[in-house]
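# Fold and contact review
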Amino acid sequence: NQIIEEPPMKVLTFLLLFLCAAPVLNAQVRKHKKKHSTAAGSLFFYWGYNRSFYTHSNIRFIGPEYDFKLKDVVAYDRPDKFRANVYLNPSTITVPQYNARGGYYFRDKWAITAGVDHYKYVMADQNEVLLDGFIADGLDTTWAGNYDDEPVVTDRNKFHYENTNGVNFIRIELMRSFDLLEFGAQRQIALTGNLGAGLGPILTYNDLNFAQSHTFATRSISGYGVGINGSLRLEFFRLFFVSMESGLGFIHLTHVRTRPDDRDQYAKQKFGFSSYFATAGAIFYLRPKNGCDSCPNW
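A few points on the structure. (Residues numbered from 1 in each chain as written. Predicted model: local features only at pLDDT ≥ 70, side-chain atom pairs only at ≥ 80, totals over all residues. Heavy atoms only, no water.)

What follows concerns the packing of aromatic side chains. Aromatic rings in a pair are described by how distant their centres are and how their planes are angled relative to each other. Within the structure shown, the criterion is met by 22 aromatic pairs. Taken together, a centroid distance of 5.3 Å and an interplanar angle of 50° make the contact between Tyr-119 and Phe-273 tilted. Residue Tyr-119 is located in strand β6 (residues 110-123), and its partner Phe-273 is located in strand β13 (residues 266-285); the two are separated by 154 residues in the primary sequence. Judged by relative accessible area, Phe-273 falls into the buried class, the value being 5%. Through successive ring pairs, a cluster of aromatic residues spans Tyr-54, Phe-61, Tyr-66, Phe-68, Tyr-121, Trp-143, Phe-159, Tyr-161, Phe-210 and Phe-271. When the ring centre of Phe-44 is taken as reference, the NZ or CZ atom of Arg-233 above it lies at 5.4 Å. The side chain of Arg-233 reaches across the aromatic face of Phe-241, ending 5.4 Å from its centre. (Phe/Tyr/Trp six-rings, centres within 6.5 Å; stacked < 30°, edge-to-face > 60°. Helix = DSSP H or I, 4+ residues; strand = E, 2+ residues; numbered from the N terminus. Buried < 20%, exposed > 50% of the residue type's maximum accessible area, 1.4 Å probe, protein only. Lys NZ or Arg CZ within 6 Å of the ring centre and 35° of its normal.)

Take unusual backbone geometry next. Trans is the common state for peptide bonds, and a negative phi is the common state for residues other than glycine. Its identity as a non-glycine residue notwithstanding, Gln-212 has a phi of 60°, on the positive side. Mapped onto the elements of the fold, Gln-212 is located in the loop between β10 (189-210) and β11 (213-236). The backbone of Ala-217 sits at a positive phi, close to 50°, despite the residue not being glycine. Checked against the element boundaries, Ala-217 lands in strand β11. Using a relative accessible area of 32% as the deciding quantity, one classes Ala-217 as partly exposed.

This brings us to a nonpolar patch on the surface. A contiguous nonpolar surface patch, about 750 Å² in accessible area, is contributed by Phe-178, Leu-180, Leu-181, Phe-183, Ile-189, Leu-195, Leu-232, Leu-234 and Val-242. Elements supplying a minimum of two residues to the nonpolar patch: β9 (160-183), β10 and β11. Here the nonpolar patch takes four residues from β9, the largest share from any one element. Relative to the assigned elements, Leu-180 resides in strand β9. For Leu-180, a relative accessible area of 44% puts it in the partly exposed group. (Patch = residues over 30% accessible without salt bridge, like charges linked within 9 Å, V, L, I, M, F, W, Y side chains within 5 Å. Areas by Shrake-Rupley, 256 points an atom, 1.4 Å probe, with all protein chains shown as cover. Salt bridge = Lys/Arg side-chain N within 4 Å of Asp/Glu carboxyl O.)

So, in structure tokens, the structure goes:
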């Protein structure tokens, strides 16, 4: 008969000690792992400035005595020339076309972000468009009458439309990050790629010069936008970063209030856009997650 020997007592003792010590050893290993910007529990925030570009579009204007459409409208953004007393002054940093966003990694490499993309939309002057619809006699000295896709040229002294206090895209986004490069034993410099898709409401501040009346900064939640973005983020010492980002999107404005004292006067519009922007930001490391009280799971 085969004789089965019992394990020596010291082997059993060693195994028992190892099993008891494993959770403590694991916690200590986790405690000394380096911080990682794309790990669950990381939070970031950035601020930057953009340029934006818009597709041609049709704008419909509706009111008690008019309902007309301008077709194939050309529009531009309005970047502010760099001035330190504007871009670096806390009281005026929201004057240029800015981007502000915060994000939280709810799992490794996946984050939810929220922020505002502040674009400026300005209809070009001397815009060659087609006019279709009607404007009541006596309402406007330039365009009163009925029109059927008739060519006209706009003159900003008589007709002008813009949102320079903002086509503000209040965007919530799902973002996926990719660790691309890392330099230094403690991740002193790292390069991260990010792809995101988001949507949200559009807050506009409209200026309209029409029918011998010029009103400014008429505010309204005017529609919605959707967009995709890609960025490269260069990180320093696991705490700070600069990034370059570009994106494409679509904005549908279903009810842009054009007069502050009359809800029945509004505009409707939809257009595509592209943008690129540079930002600077900071990274924070928040929640302990591995059950050792003080050692976050980076």
